[in-house]
Amino acid sequence: MLSSSALLAVNPLDAGSLLGAFGALGIAVVLFAETGLLVGFFLPGDSLLFTAGLLCTTGTHSGPHLDLAQVLAASAVGALAGAQVGFVIGRRGGRSLLARSRNKRLHEGALRAEELLTRYGHGKAVVLARFVPVVRTVLNPLAGALGVSVRTFTVWQVVGGLVWTFGLVLAGYALGSSVPNVDHYLLPIVAAVVALSLLPLVLELLRSRRQARTR
């Protein structure tokens, strides 16, 4: 059991701190909160998955050693269960929950999520949203609120969730297995992963602005 002082020392925005304190269980909890609960939009899903993959390698690194099978299982369970719970929450009043929130990022994410659903259709939007921070938090309840069918949502959220979680974990594992002392470069690597995860959102914003100017 963790002491109260150890719990207070955990930084929920730092992937290494979360993994050091809670291991694979922490991955499941964080991904569940990020994808299923609107309050979890700030959590570091992308960097957490990638860092967890790095920490599964057998080489020397400063963080805890994690088991790859446990990490993959925890990632899948947290991401898939979270998305499904978010969808159910949306069906039971997702729009009213969003309306009560005063967080600007959350409302911007909701706008992007609705644009994805309109532009790409339900299945493709559910998959793409997994790779965009904040959007992956709000799209699940929004899909429930907009009446996306349970079958369509479930099938595509499972596809997107497995590609997202397994892809980032295995990418981190592959890099950690091939680059000696990779933890020396962990900070810039994680920063690059976060920047790449934000790229789709930036491109979508630029596209929206160009369309607004054209009109």
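Residues numbered from 1 in each chain as written. Predicted model: local features only at pLDDT ≥ 70, side-chain atom pairs only at ≥ 80, totals over all residues. Heavy atoms only, no water.

Asks: Explain helix α3 (residues 45-55) to me, please; I cannot follow it from the model alone.
Replies: In an α-helix, one turn spans 3.6 residues; hence positions three or four apart end up facing the same way. For α3, the buried fraction is high: 11 of the 11 residues fall into the buried class. For α3, the complete set of buried residues consists of Gly 45, Asp 46, Ser 47, Leu 48, Leu 49, Phe 50, Thr 51, Ala 52, Gly 53, Leu 54 and Leu 55. (Buried < 20%, exposed > 50% of the residue type's maximum accessible area, 1.4 Å probe, protein only. Helix = DSSP H or I, 4+ residues; strand = E, 2+ residues; numbered from the N terminus.)

Asks: When you look at the pattern of salt bridges in this model, what are you seeing that I'm missing?
Replies: If charged atoms from side chains of opposite charge come close, those side chains can pair. Counted under the stated rule, the structure contains two salt bridges. As a salt-bridge pair, Glu 34 and Arg 136 come within 2.9 Å of each other at their nearest N and O atoms. A residue pair is termed long-range when its members are at least 10 positions apart, and Glu 34 in helix α2 (residues 15-36) and Arg 136 in helix α8 (residues 135-145) qualify at 102 residues. Neither Glu 34 nor Arg 136 differs from the other in exposure class; each is buried. The shortest N-O distance in the salt bridge between Arg 136 and Asp 46 comes to 2.9 Å. (Salt bridge = Lys/Arg side-chain N within 4 Å of Asp/Glu carboxyl O.)

Asks: Help me understand unusual backbone geometry, please; the structure alone is not making it clear to me.
Replies: Excluding glycine, residues mostly carry a negative phi; peptide bonds, for their part, are mostly trans. Even without being glycine, Val 134 reaches a positive phi, approximately 70°. Within the element layout of this structure, Val 134 appears in the loop between α7 (122-129) and α8. Using a relative accessible area of 5% as the deciding quantity, one classes Val 134 as buried.

Asks: Explanation requested: the environment of Leu 54 in the structure shown.
Replies: Position of Leu 54 relative to the elements: it lies in helix α3. For the pair Leu 54 and His 65, spaced 11 residues apart in the sequence, the C-alpha separation amounts to 9.0 Å.

Asks: Any chance you could explain a nonpolar patch on the surface here in plain terms?
Replies: Together, Phe 131, Val 155, Trp 156, Val 159 and Val 163 make up an exposed nonpolar region whose accessible area comes to about 390 Å². In this fold, Trp 156 is placed in helix α9 (residues 150-178). Overall, Trp 156 belongs to the partly exposed group, its relative accessible area being 37%. (Patch = residues over 30% accessible without salt bridge, like charges linked within 9 Å, V, L, I, M, F, W, Y side chains within 5 Å. Areas by Shrake-Rupley, 256 points an atom, 1.4 Å probe, with all protein chains shown as cover.)

Asks: Quick question: what am I supposed to make of the nonpolar core here?
Replies: Nonpolar side chains tend to gather and get buried jointly when the protein is soluble and globular. Core analysis: the biggest nonpolar cluster contains 21 residues, and Leu 19, Ile 27, Leu 49, Leu 66 and Val 71 have the highest contact counts within it. Broken down by secondary-structure element, the contributors of at least two residues to this core are α2, α3, α4 (68-91) and α9. A per-element tally of this core places α2 first, with seven residues. Those residues in contact with Leu 19 that lie beyond four places of it in its chain are Ile 27, Leu 48, Thr 51, Ala 52, Leu 55, Pro 64 and Leu 66. (Core = buried A, V, L, I, M, F, W, Y, C linked by side-chain atoms within 4.5 Å. Contact = heavy atoms within 4.5 Å.)

Asks: Please explain α9 as it appears in this structure.
Replies: Here α9 is 29 residues long and its end C-alpha atoms lie 41 Å apart, about the 42 Å a rise of 1.5 Å per residue gives. Burial in α9 covers these residues: Phe 153, Gln 157, Gly 160, Gly 161, Trp 164, Thr 165, Leu 168, Val 169, Gly 172 and Gly 176. (Expected span 1.5 Å × (residues − 1).)

Asks: Which parts of the structure should I look at to understand the side chain of Thr 165?
Replies: Topologically, Thr 165 is positioned in helix α9. With residues near it in sequence (within four places) discarded, Thr 165 still touches Leu 31, Leu 49, Ser 75, Ala 76 and Ala 79.

Asks: Looking at this model, I keep getting lost on the packing of α4 against α8. Mind explaining?
Replies: Helix-helix packing is characterised by the crossing angle of the two axes and by the distance between the axes. Viewed as axis vectors pointing N to C, α4 and α8 meet at an angle of 40°, and their least axial separation amounts to 6 Å. The pairing of α4 with α8 is recorded here as oblique in orientation. The chirality of how α4 crosses α8 is right-handed. Contacts between α4 and α8 pair Ala 83, Gly 86, Phe 87, Gly 90 and Arg 91 from the former with Asn 140, Pro 141, Ala 143, Gly 144 and Ala 145 from the latter. (Axes fitted to C-alpha atoms, helices over the stretch in contact; angles between N-to-C directions. Parallel < 35°, antiparallel > 145°, perpendicular 65-115°, else oblique. Left-handed = near helix turned anticlockwise from the far one by under 90°.)

It is worth stressing that arrangement in space is one thing and function is another; only the former is reported here.
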